[in-house]
Amino acid sequence: MQNLIDGKEYSNILLNKLKEKIKELKDKRLPKIVIIQVGNNLASNKYIKHKIKSVEKIGMLCDFKKLDENITQKDLLEIIENLNNDHIVDGIIVQLPLPNHIDSTVVNSVISYKKDADGFNPITLGNVMLGTSKIFPATPNGIIKLLEWKNVEIKGSNVVIIGRSNIVGKPLANMLINKSATVTVCNTQTKNTANIAKKADILISAAGCANLVTSEFVNKNMTIIDVGANFVDGKYCGDVNFNEVQDNVKLITPVPGGVGPMTIACLLENVYELYLQNI
Ligand code: NAD
């Protein structure tokens, strides 16, 4: 399809570039990521499998720790502290969601900003807001890279983001503001989201709500980025009713094969950058 933004294609280009850089390290220590999972969330199992496959593809080192879902927050934080102090670990991620008894905000602030592969630490996020960071939350960064790859003008454009989470909507809004976009961020209390969305040049949906974005939300000149990762009747889909809107917009990302693979590529770019700062 002509108006499709193929995240899989671009993520492969980025991963191959990383692979070349890692090959050039020759006798030096290789970059290493530690992935922590607490419990056995089925979607997390799938995402982690993809991450490990990409890590192996580019020749990075990976340690996967699958922890019992009843582990206490204190014990989890102790594991993270030990990894913070391990010089040969460059990046740490704790896969979300976590069980209810563990506070992800606390976990993200305990992962040192020097090993913050996901870009969720408050220091990283502060620097992202100020426009001084070299590490970015992976999903927002993947979205911006996709837009730039397809020469979608960000400067001066009207961007509507549906969703204000700390890991997607809020950092993405700040990153786009730093690139001189005019940004509107919607949440569940927003009145008439469809009307607001319809005027956008770029619509980014990160609500986690299948079939939220219908033809009422779009216009012919719009670029749509679908961040949603939803399971409906066992089928993986985004927030956008793809069949309904695909012919009525300029560019659109599919689910799967849009933002998801870009998130992994940007996550590993973060690990490589952290490695350069750590070595
Ligand atoms: P979240 O639940 O933390 O936040 C969702 C946000 O959307 C909230 O701010 C909420 O107010 C808003 N929202 C929900 N329904 C809405 C509606 N009908 N109208 C307006 N606003 C609405 O979720 P998150 O962690 O930001 O993730 C969002 C979605 O993106 C999920 O489906 C998640 O699985 C997916 N995701 C995908 C990737 C990827 O790499 N593809 C990465 C991160 C998140």
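Residues numbered from 1 in each chain as written. Predicted model: local features only at pLDDT ≥ 70, side-chain atom pairs only at ≥ 80, totals over all residues. Heavy atoms only, no water.

Draft legend 1. Spatial organisation of the sheet that holds strand β1 (residues 32–38). Taking strand neighbours across the sheet as the criterion, the three strands line up as β2-β1-β3 in an open arrangement whose pairing is parallel. Pairing within the sheet leaves two strands with one partner each, and these edge strands are β2 (61–67) and β3 (91–94). Between one strand axis and the next, the sheet turns by 15° as a mean value, whatever way the strands run. Inspection of the sheet shows β1 paired to β2 by seven bridges, in the parallel sense. Paired with isoleucine 33 across the two strands is cysteine 62, which belongs to β2. Sheet strands touched by helix α3 (residues 73–84): β1, β2 and β3. Its angle to β1, the strand with the most contacts, is close to 180°. (Pairing = 2+ DSSP bridges. Helix = DSSP H or I, 4+ residues; strand = E, 2+ residues; numbered from the N terminus. Axes fitted to C-alpha atoms, helices over the stretch in contact; angles between N-to-C directions. Contact = heavy atoms within 4.5 Å.)

Draft legend 2. Quick look at helix α1 (residues 7–23). For α1, with 17 residues, the first-to-last C-alpha span of 24 Å sits near the 24 Å given by 1.5 Å per residue. All buried positions along α1 are accounted for by Gly7, Tyr10, Ser11, Leu14, Leu15, Leu18 and Ile22. For α1, the arc enclosing every buried residue in end-on projection is 135°, short of the 170-degree limit, so these residues lie on one face. Residues of α1 that are exposed and angled more than 90 degrees away from the buried face: Lys17 and Lys23. Two or three places before lysine 8, at the opening of α1, aspartate 6 has a side-chain oxygen 3.0 Å from that residue's backbone nitrogen. (Expected span 1.5 Å × (residues − 1). Buried < 20%, exposed > 50% of the residue type's maximum accessible area, 1.4 Å probe, protein only. Arc of directions from axis to C-beta. Polar contact = N/O pair within 3.5 Å; in protein donor to acceptor, adjacent residues only side chain to side chain.)

Draft legend 3. Representation of the site of the ligand in the model. Inspection of the region around the ligand gives 19 residues, with Arg164, Ser165, Val227, Ala229 and Thr263 positioned closest. At 3.5 Å from a nitrogen atom of the ligand is found a main-chain nitrogen or oxygen belonging to asparagine 187. Separating an oxygen atom of the ligand from a backbone N or O atom of alanine 229 is a distance of 3.0 Å. Isolated, the ligand exposes 860 Å² of accessible area, and the fraction of that covered by the protein chains is 71%. Across the shell around the ligand, the residue classes break down as eight nonpolar, 10 polar and one charged. (Near = heavy atom within 4 Å. Areas by Shrake-Rupley, 256 points an atom, 1.4 Å probe, with all protein chains shown as cover. Nonpolar A, V, L, I, M, F, W, Y, C, P; charged D, E, K, R; others polar.)

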